Amino acid sequence: MKKYLHYQAIDWNKLEETIDKHTWEKLTSQFWLDTRIPVSNDLDDWRQLSLEERDVVNKAFGGLTLLDTLQSEVGASVMKQDVRTQHEEAVLNNILFMESVHAKSYSTIFISLNENRKIEEIFDWTNQNERLQYKAKRIKTIYDTGTPLQKKIASVFLESFLFYSGFYTPLWYLGNNQLPNVAEIIKLIIRDESVHGTYLGYKFQLGYKELTEEEQADLRDWMYSLLFDLLENEFVYTEELYDTVGWTQEVKVFVQYNANKALQNLGFESLFQEATEKEINPIVMNGLSTDTNNHDFFSQVGSGYLMGEVEAMEEDDYDF
(Lines give C-alpha, C1' and ligand atoms only; values in the text may rest on other atoms or scores of the structure.)
Protein backbone atom coordinates (compact mmCIF):
# COMPACT_ATOMS: atom_id res chain seq x y z
CA MET A 1 0.00 0.00 0.00
CA LYS A 2 1.15 3.53 -0.75
CA LYS A 3 2.71 5.11 2.35
CA TYR A 4 2.29 8.77 3.29
CA LEU A 5 4.44 10.80 5.67
CA HIS A 6 1.34 12.72 6.65
CA TYR A 7 -2.33 12.56 5.73
CA GLN A 8 -2.92 14.03 2.29
CA ALA A 9 -6.01 15.61 0.76
CA ILE A 10 -6.83 13.87 -2.49
CA ASP A 11 -6.17 16.03 -5.57
CA TRP A 12 -7.95 14.80 -8.70
CA ASN A 13 -6.03 17.37 -10.77
CA LYS A 14 -2.75 15.55 -10.10
CA LEU A 15 -2.90 11.94 -11.23
CA GLU A 16 -0.24 9.29 -10.90
CA GLU A 17 -2.30 6.87 -13.02
CA THR A 18 -4.86 8.31 -15.43
CA ILE A 19 -6.81 5.04 -15.47
CA ASP A 20 -8.05 5.92 -11.97
CA LYS A 21 -9.81 9.05 -13.23
CA HIS A 22 -11.11 7.35 -16.38
CA THR A 23 -12.52 4.46 -14.33
CA TRP A 24 -14.08 6.79 -11.76
CA GLU A 25 -15.81 8.75 -14.51
CA LYS A 26 -16.98 5.59 -16.25
CA LEU A 27 -18.42 4.09 -13.07
CA THR A 28 -20.14 7.27 -11.89
CA SER A 29 -21.62 7.95 -15.34
CA GLN A 30 -23.29 4.56 -15.34
CA PHE A 31 -24.73 4.71 -11.81
CA TRP A 32 -28.05 2.93 -11.43
CA LEU A 33 -30.41 1.47 -8.82
CA ASP A 34 -32.50 -1.67 -9.01
CA THR A 35 -35.63 0.04 -7.66
CA ARG A 36 -35.95 2.12 -10.82
CA ILE A 37 -36.37 -0.86 -13.11
CA PRO A 38 -39.94 -2.27 -13.28
CA VAL A 39 -39.18 -5.96 -12.76
CA SER A 40 -42.79 -6.72 -11.86
CA ASN A 41 -43.69 -6.01 -15.51
CA ASP A 42 -42.10 -9.40 -16.25
CA LEU A 43 -44.73 -11.29 -14.24
CA ASP A 44 -46.69 -12.40 -17.32
CA ASP A 45 -43.54 -13.91 -18.82
CA TRP A 46 -42.64 -15.49 -15.49
CA ARG A 47 -46.00 -17.23 -15.19
CA GLN A 48 -45.55 -18.77 -18.63
CA LEU A 49 -42.30 -20.49 -17.64
CA SER A 50 -42.37 -24.12 -16.55
CA LEU A 51 -41.63 -24.99 -12.93
CA GLU A 52 -38.23 -26.36 -14.03
CA GLU A 53 -37.38 -23.10 -15.78
CA ARG A 54 -38.39 -20.99 -12.79
CA ASP A 55 -36.26 -23.20 -10.57
CA VAL A 56 -33.22 -22.65 -12.80
CA VAL A 57 -33.73 -18.86 -12.83
CA ASN A 58 -34.17 -18.70 -9.06
CA LYS A 59 -31.14 -20.87 -8.32
CA ALA A 60 -28.96 -18.99 -10.81
CA PHE A 61 -29.84 -15.72 -9.10
CA GLY A 62 -29.33 -17.27 -5.67
CA GLY A 63 -25.78 -18.17 -6.65
CA LEU A 64 -25.16 -14.70 -8.05
CA THR A 65 -26.42 -13.15 -4.82
CA LEU A 66 -23.91 -15.16 -2.80
CA LEU A 67 -20.96 -14.09 -4.95
CA ASP A 68 -21.96 -10.42 -5.02
CA THR A 69 -22.43 -10.51 -1.26
CA LEU A 70 -18.86 -11.78 -0.94
CA GLN A 71 -17.61 -8.98 -3.18
CA SER A 72 -19.55 -6.29 -1.31
CA GLU A 73 -18.52 -7.46 2.15
CA VAL A 74 -14.93 -8.53 1.49
CA GLY A 75 -13.68 -8.28 -2.08
CA ALA A 76 -13.27 -4.57 -2.73
CA SER A 77 -12.37 -3.94 0.92
CA VAL A 78 -9.28 -6.15 0.89
CA MET A 79 -8.10 -4.50 -2.33
CA LYS A 80 -7.95 -1.19 -0.48
CA GLN A 81 -5.16 -2.55 1.71
CA ASP A 82 -2.79 -2.53 -1.25
CA VAL A 83 -3.71 0.56 -3.30
CA ARG A 84 -1.06 2.31 -5.35
CA THR A 85 -2.72 5.75 -5.30
CA GLN A 86 -5.33 7.68 -3.32
CA HIS A 87 -7.46 7.78 -6.44
CA GLU A 88 -7.43 3.99 -6.65
CA GLU A 89 -8.91 3.86 -3.16
CA ALA A 90 -11.70 6.20 -4.28
CA VAL A 91 -12.45 3.94 -7.24
CA LEU A 92 -12.56 0.90 -4.95
CA ASN A 93 -15.01 2.73 -2.67
CA ASN A 94 -17.28 3.14 -5.69
CA ILE A 95 -16.88 -0.53 -6.64
CA LEU A 96 -17.66 -1.59 -3.06
CA PHE A 97 -20.95 0.32 -3.06
CA MET A 98 -22.03 -0.95 -6.46
CA GLU A 99 -21.37 -4.55 -5.43
CA SER A 100 -23.89 -3.97 -2.64
CA VAL A 101 -26.35 -2.62 -5.22
CA HIS A 102 -25.81 -5.76 -7.29
CA ALA A 103 -26.44 -8.06 -4.32
CA LYS A 104 -29.61 -6.17 -3.42
CA SER A 105 -30.85 -6.27 -7.02
CA TYR A 106 -31.40 -10.01 -6.89
CA SER A 107 -33.69 -9.57 -3.90
CA THR A 108 -35.69 -7.08 -5.95
CA ILE A 109 -36.04 -9.73 -8.66
CA PHE A 110 -37.01 -12.41 -6.13
CA ILE A 111 -39.69 -10.33 -4.39
CA SER A 112 -41.11 -9.19 -7.74
CA LEU A 113 -41.59 -12.71 -9.07
CA ASN A 114 -41.88 -15.08 -6.07
CA GLU A 115 -43.84 -15.59 -2.90
CA ASN A 116 -41.99 -15.18 0.41
CA ARG A 117 -41.96 -18.92 1.09
CA LYS A 118 -40.26 -19.56 -2.24
CA ILE A 119 -37.67 -16.86 -1.55
CA GLU A 120 -36.76 -18.54 1.72
CA GLU A 121 -36.29 -21.83 -0.16
CA ILE A 122 -33.96 -20.13 -2.66
CA PHE A 123 -31.73 -18.71 0.06
CA ASP A 124 -31.71 -22.01 1.96
CA TRP A 125 -30.57 -23.78 -1.21
CA THR A 126 -27.95 -21.12 -1.91
CA ASN A 127 -26.50 -21.16 1.58
CA GLN A 128 -26.27 -24.96 1.64
CA ASN A 129 -25.20 -25.78 -1.92
CA GLU A 130 -21.80 -27.46 -1.77
CA ARG A 131 -20.49 -26.14 -5.08
CA LEU A 132 -21.56 -22.55 -4.43
CA GLN A 133 -20.05 -22.64 -0.97
CA TYR A 134 -16.83 -24.11 -2.33
CA LYS A 135 -16.14 -21.30 -4.77
CA ALA A 136 -17.14 -18.61 -2.27
CA LYS A 137 -14.89 -20.10 0.43
CA ARG A 138 -12.04 -20.61 -2.05
CA ILE A 139 -12.08 -16.95 -3.03
CA LYS A 140 -12.61 -15.77 0.56
CA THR A 141 -9.55 -17.72 1.73
CA ILE A 142 -7.42 -15.95 -0.86
CA TYR A 143 -8.83 -12.60 0.20
CA ASP A 144 -7.90 -13.43 3.80
CA THR A 145 -4.43 -14.94 3.32
CA GLY A 146 -3.21 -14.25 -0.23
CA THR A 147 -0.64 -11.78 -1.49
CA PRO A 148 -1.88 -8.52 -3.06
CA LEU A 149 -1.49 -9.96 -6.56
CA GLN A 150 -3.16 -13.24 -5.64
CA LYS A 151 -6.13 -11.28 -4.30
CA LYS A 152 -6.42 -9.42 -7.60
CA ILE A 153 -6.33 -12.68 -9.55
CA ALA A 154 -9.10 -14.10 -7.37
CA SER A 155 -11.21 -10.97 -7.78
CA VAL A 156 -10.78 -10.86 -11.56
CA PHE A 157 -11.69 -14.57 -11.80
CA LEU A 158 -14.82 -13.88 -9.79
CA GLU A 159 -15.83 -10.73 -11.71
CA SER A 160 -14.94 -11.93 -15.21
CA PHE A 161 -15.55 -15.69 -14.99
CA LEU A 162 -17.43 -17.19 -12.05
CA PHE A 163 -20.50 -14.96 -12.35
CA TYR A 164 -21.20 -16.03 -15.90
CA SER A 165 -22.72 -19.46 -15.31
CA GLY A 166 -25.52 -17.52 -13.62
CA PHE A 167 -25.64 -14.69 -16.16
CA TYR A 168 -26.34 -17.16 -18.98
CA THR A 169 -29.94 -17.69 -17.86
CA PRO A 170 -31.34 -14.14 -18.11
CA LEU A 171 -29.36 -13.49 -21.32
CA TRP A 172 -30.95 -16.57 -22.90
CA TYR A 173 -34.45 -15.41 -21.96
CA LEU A 174 -33.73 -11.90 -23.19
CA GLY A 175 -32.72 -13.33 -26.56
CA ASN A 176 -36.07 -15.15 -26.63
CA ASN A 177 -38.01 -11.96 -25.84
CA GLN A 178 -38.80 -12.95 -22.26
CA LEU A 179 -38.08 -11.36 -18.87
CA PRO A 180 -36.69 -8.13 -20.41
CA ASN A 181 -36.65 -6.12 -17.17
CA VAL A 182 -34.91 -8.90 -15.26
CA ALA A 183 -32.35 -9.02 -18.07
CA GLU A 184 -32.02 -5.23 -17.93
CA ILE A 185 -30.74 -5.48 -14.36
CA ILE A 186 -28.34 -8.26 -15.32
CA LYS A 187 -26.98 -6.26 -18.27
CA LEU A 188 -26.35 -3.33 -15.94
CA ILE A 189 -24.53 -5.63 -13.53
CA ILE A 190 -22.50 -7.15 -16.37
CA ARG A 191 -21.52 -3.67 -17.52
CA ASP A 192 -20.27 -2.83 -14.03
CA GLU A 193 -18.45 -6.13 -13.59
CA SER A 194 -16.75 -5.65 -16.93
CA VAL A 195 -15.24 -2.37 -15.71
CA HIS A 196 -14.30 -3.88 -12.34
CA GLY A 197 -12.53 -6.84 -13.92
CA THR A 198 -10.68 -4.72 -16.46
CA TYR A 199 -9.57 -2.18 -13.85
CA LEU A 200 -8.28 -4.70 -11.31
CA GLY A 201 -6.68 -6.69 -14.12
CA TYR A 202 -4.74 -3.59 -15.16
CA LYS A 203 -3.64 -2.98 -11.57
CA PHE A 204 -2.52 -6.60 -11.40
CA GLN A 205 -0.43 -6.18 -14.53
CA LEU A 206 1.38 -3.18 -13.02
CA GLY A 207 2.40 -5.22 -9.98
CA TYR A 208 3.20 -8.33 -12.02
CA LYS A 209 5.71 -6.42 -14.15
CA GLU A 210 7.60 -5.46 -10.97
CA LEU A 211 8.27 -9.13 -10.08
CA THR A 212 11.37 -11.07 -11.02
CA GLU A 213 11.03 -13.72 -13.74
CA GLU A 214 11.10 -16.44 -11.10
CA GLU A 215 8.39 -14.72 -9.06
CA GLN A 216 6.30 -14.29 -12.20
CA ALA A 217 6.63 -17.97 -13.04
CA ASP A 218 5.57 -19.01 -9.54
CA LEU A 219 2.56 -16.69 -9.64
CA ARG A 220 1.50 -17.95 -13.08
CA ASP A 221 1.64 -21.55 -11.85
CA TRP A 222 -0.48 -20.58 -8.84
CA MET A 223 -2.96 -18.74 -11.08
CA TYR A 224 -3.46 -21.65 -13.49
CA SER A 225 -3.84 -24.09 -10.60
CA LEU A 226 -6.57 -21.87 -9.15
CA LEU A 227 -8.24 -21.52 -12.54
CA PHE A 228 -8.49 -25.27 -13.15
CA ASP A 229 -9.69 -25.90 -9.60
CA LEU A 230 -12.45 -23.30 -9.94
CA LEU A 231 -13.35 -24.53 -13.42
CA GLU A 232 -13.73 -28.14 -12.27
CA ASN A 233 -16.07 -27.01 -9.51
CA GLU A 234 -17.94 -24.71 -11.90
CA PHE A 235 -18.60 -27.54 -14.35
CA VAL A 236 -20.21 -29.66 -11.63
CA TYR A 237 -22.27 -26.66 -10.49
CA THR A 238 -23.36 -26.09 -14.10
CA GLU A 239 -24.52 -29.70 -14.37
CA GLU A 240 -26.53 -29.39 -11.16
CA LEU A 241 -28.14 -26.19 -12.36
CA TYR A 242 -28.81 -26.78 -16.04
CA ASP A 243 -29.24 -30.53 -16.66
CA THR A 244 -33.01 -30.23 -16.14
CA VAL A 245 -33.37 -27.76 -19.05
CA GLY A 246 -30.68 -29.23 -21.32
CA TRP A 247 -28.35 -26.21 -21.41
CA THR A 248 -25.37 -27.74 -19.61
CA GLN A 249 -22.93 -28.05 -22.50
CA GLU A 250 -23.74 -24.57 -23.83
CA VAL A 251 -23.13 -23.02 -20.44
CA LYS A 252 -19.83 -24.88 -19.97
CA VAL A 253 -18.51 -23.38 -23.21
CA PHE A 254 -19.78 -19.97 -22.09
CA VAL A 255 -17.92 -20.37 -18.80
CA GLN A 256 -14.70 -21.25 -20.63
CA TYR A 257 -15.18 -18.28 -22.95
CA ASN A 258 -15.34 -15.96 -19.96
CA ALA A 259 -12.40 -17.70 -18.29
CA ASN A 260 -10.45 -16.63 -21.37
CA LYS A 261 -11.70 -13.07 -20.84
CA ALA A 262 -10.50 -13.17 -17.23
CA LEU A 263 -7.04 -14.28 -18.36
CA GLN A 264 -6.96 -11.48 -20.93
CA ASN A 265 -7.87 -8.94 -18.24
CA LEU A 266 -4.83 -10.16 -16.31
CA GLY A 267 -2.61 -9.81 -19.37
CA PHE A 268 -2.38 -13.48 -20.38
CA GLU A 269 -3.33 -15.39 -23.53
CA SER A 270 -6.62 -17.25 -23.87
CA LEU A 271 -6.36 -20.86 -22.73
CA PHE A 272 -9.49 -22.51 -24.08
CA GLN A 273 -9.12 -22.18 -27.84
CA GLU A 274 -12.35 -24.04 -28.56
CA ALA A 275 -14.42 -21.57 -26.52
CA THR A 276 -14.71 -18.83 -29.14
CA GLU A 277 -17.50 -16.36 -29.70
CA LYS A 278 -18.83 -18.36 -32.65
CA GLU A 279 -19.34 -21.36 -30.35
CA ILE A 280 -21.64 -19.39 -28.03
CA ASN A 281 -25.38 -19.24 -28.63
CA PRO A 282 -25.72 -16.03 -30.71
CA ILE A 283 -28.72 -14.76 -28.79
CA VAL A 284 -26.72 -15.00 -25.57
CA MET A 285 -23.72 -13.24 -27.14
CA ASN A 286 -26.02 -10.47 -28.35
CA GLY A 287 -27.32 -10.00 -24.82
CA LEU A 288 -23.79 -9.99 -23.46
CA SER A 289 -23.02 -6.79 -25.33
CA THR A 290 -23.72 -3.71 -23.20
CA ASP A 291 -23.32 -1.28 -26.11
CA THR A 292 -26.95 -0.98 -27.10
CA ASN A 293 -29.36 1.81 -27.89
CA ASN A 294 -31.03 1.18 -24.54
CA HIS A 295 -27.92 2.35 -22.71
CA ASP A 296 -27.42 6.05 -23.41
CA PHE A 297 -25.93 6.84 -20.03
CA PHE A 298 -25.99 10.60 -20.45
CA SER A 299 -29.77 10.53 -20.35
CA GLN A 300 -30.79 7.17 -18.96
CA VAL A 301 -29.46 3.99 -17.43
CA GLY A 302 -31.34 1.29 -19.23
CA SER A 303 -34.82 1.34 -20.67
CA GLY A 304 -36.52 1.52 -17.28
CA TYR A 305 -34.28 4.02 -15.56
CA LEU A 306 -34.74 7.65 -16.60
CA MET A 307 -32.61 10.40 -15.09
CA GLY A 308 -33.52 14.07 -15.03
CA GLU A 309 -31.55 16.52 -17.13
CA VAL A 310 -29.84 19.36 -15.26
CA GLU A 311 -28.84 22.72 -16.70
CA ALA A 312 -27.19 25.78 -15.19
CA MET A 313 -29.38 28.56 -13.77
CA GLU A 314 -29.50 31.85 -15.72
CA GLU A 315 -30.20 35.36 -14.37
CA ASP A 316 -33.60 35.56 -16.04
CA ASP A 317 -34.64 32.41 -14.16
CA TYR A 318 -35.08 34.71 -11.18
CA ASP A 319 -37.52 37.02 -13.03
CA PHE A 320 -41.02 36.26 -11.75
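Since the model is a prediction, treat every value here as computed from it, not as a measurement.

Engineer: What's the story with the side chain of Thr108 in this structure? I'm lost.
Structural biologist: Residue position: Thr108 is located in helix α4 (residues 86-113). Given the relative accessible area of 15%, Thr108 is considered buried. Reaching out from Thr108, the side chain makes a polar contact with the side chain of Asp34 at a distance of 2.4 Å. The residues contacting Thr108, other than those within four sequence positions of it, are Asp34 and Val39.

Engineer: Teacher, can you tell me more about the nonpolar core here?
Structural biologist: Where a protein is soluble and globular, its nonpolar side chains tend to be buried together. Among the nonpolar cores identified, the biggest contains 90 residues, and Phe61, Tyr106, Tyr143, Phe157, Phe161 and Phe167 are the most heavily contacted of them. Considering each element in turn, this core owes the most residues, twelve residues, to helix α3 (residues 51-79). Beyond its immediate chain neighbours, meaning those up to four positions away, Phe157 contacts Leu162, Met223, Leu226, Leu227, Leu230, Ala262, Leu263 and Leu266.

Engineer: Just checking my understanding: could you explain the packing of helix α8 (residues 164-175) against helix α9 (residues 180-209) for this structure?
Structural biologist: In helix packing, the relevant descriptors are the interaxial angle and the interaxial distance, both defined with respect to the helix axes. Packing of α8 against α9 brings their axes to within 9 Å, and their N-to-C directions diverge by 140°. With respect to their mutual orientation, α8 and α9 come out oblique. At the point where α8 passes α9, the crossing takes the left-handed sense. Across the interface between the two elements, Tyr164, Phe167, Pro170, Leu171 and Leu174 from α8 touch Pro180, Val182, Ala183, Ile186, Lys187, Ile189 and Ile190 from α9. Here the residues of the contact of α8 with α9 sort into eleven nonpolar, no polar and one charged.

Engineer: Where do I start with the pattern of salt bridges in this structure?
Structural biologist: Pairing is possible between side chains of opposite charge, provided their charged atoms come close. Across all of its chains, the model carries 16 salt bridges by this definition. When the shortest N-O distance is used, the salt bridge between Lys118 and Glu121 registers 3.4 Å. Here the residue Lys118 and the residue Glu121 both occupy positions in helix α5 (residues 116-128), the gap between them amounting to three residues, near one helical turn. Overall, Lys118 belongs to the partly exposed group, its relative accessible area being 28%. Under the relative-accessibility criterion, Glu121 is labelled partly exposed at 36%. Where Lys135 meets Glu234, a salt bridge forms, and the shortest distance between an N and an O atom there is 2.9 Å. Here Glu234 lies in helix α10 (residues 213-242) and Lys135 lies in helix α6 (residues 130-145), a separation of 99 residues in the sequence. You can call Lys135 buried: its relative accessible area is 1%. Of the residues examined, Glu234 reaches a relative accessible area of 0% and is grouped as buried. Salt bridges sharing common partners tie together Glu17, Asp20, Arg84, Glu88, Lys203 and Glu210.

Engineer: Would you mind going over empty space enclosed by the protein with me for this structure?
Structural biologist: By rolling a water-sized probe across the atoms, one finds the places where empty space is left. A complete count under the given rule lists two cavities of 30 Å³ or more for this structure. Approximately 40 Å³ is the volume attributed to the largest cavity. If you go around the largest cavity, the residues you meet are Gln71, Gly75, Ala76, Leu92, Ile95, Glu99, Ser155, Glu159 and Leu200. If you list the elements that add at least two residues to the lining of the largest cavity, you get α3, α4 and α7 (148-162). Its residues assigned to classes, the lining of the largest cavity shows four nonpolar, three polar and two charged. Approximately 30 Å³ is the volume attributed to the second largest cavity. Lining the second largest cavity, in full, are Ala60, Gly63, Leu64, Leu67, Leu132, Lys135, Leu162, Phe163, Ser165, Gly166 and Tyr237. Counting residues per element, the ones that place at least two in the lining of the second largest cavity are α3, α6 and α8. Sort the elements by how many residues they give to the lining of the second largest cavity and α3 lands first, with four residues. Class assignment for the residues of the lining of the second largest cavity results in seven nonpolar, three polar and one charged.

About the thresholds
- Residues numbered from 1 in each chain as written.
- Predicted model: local features only at pLDDT ≥ 70, side-chain atom pairs only at ≥ 80, totals over all residues.
- Heavy atoms only, no water.
- Helix = DSSP H or I, 4+ residues; strand = E, 2+ residues; numbered from the N terminus.
- Buried < 20%, exposed > 50% of the residue type's maximum accessible area, 1.4 Å probe, protein only.
- Polar contact = N/O pair within 3.5 Å; in protein donor to acceptor, adjacent residues only side chain to side chain.
- Contact = heavy atoms within 4.5 Å.
- Core = buried A, V, L, I, M, F, W, Y, C linked by side-chain atoms within 4.5 Å.
- Axes fitted to C-alpha atoms, helices over the stretch in contact; angles between N-to-C directions.
- Parallel < 35°, antiparallel > 145°, perpendicular 65-115°, else oblique.
- Left-handed = near helix turned anticlockwise from the far one by under 90°.
- Nonpolar A, V, L, I, M, F, W, Y, C, P; charged D, E, K, R; others polar.
- Salt bridge = Lys/Arg side-chain N within 4 Å of Asp/Glu carboxyl O.
- 1 Å grid on protein atoms, 1.4 Å probe; cavity = no way out; pocket = protein on both sides within 12 Å on 5 of 7 lines; lining within 4 Å.
- Points joined across faces, edges and corners; volume = space filled by probe spheres on them.

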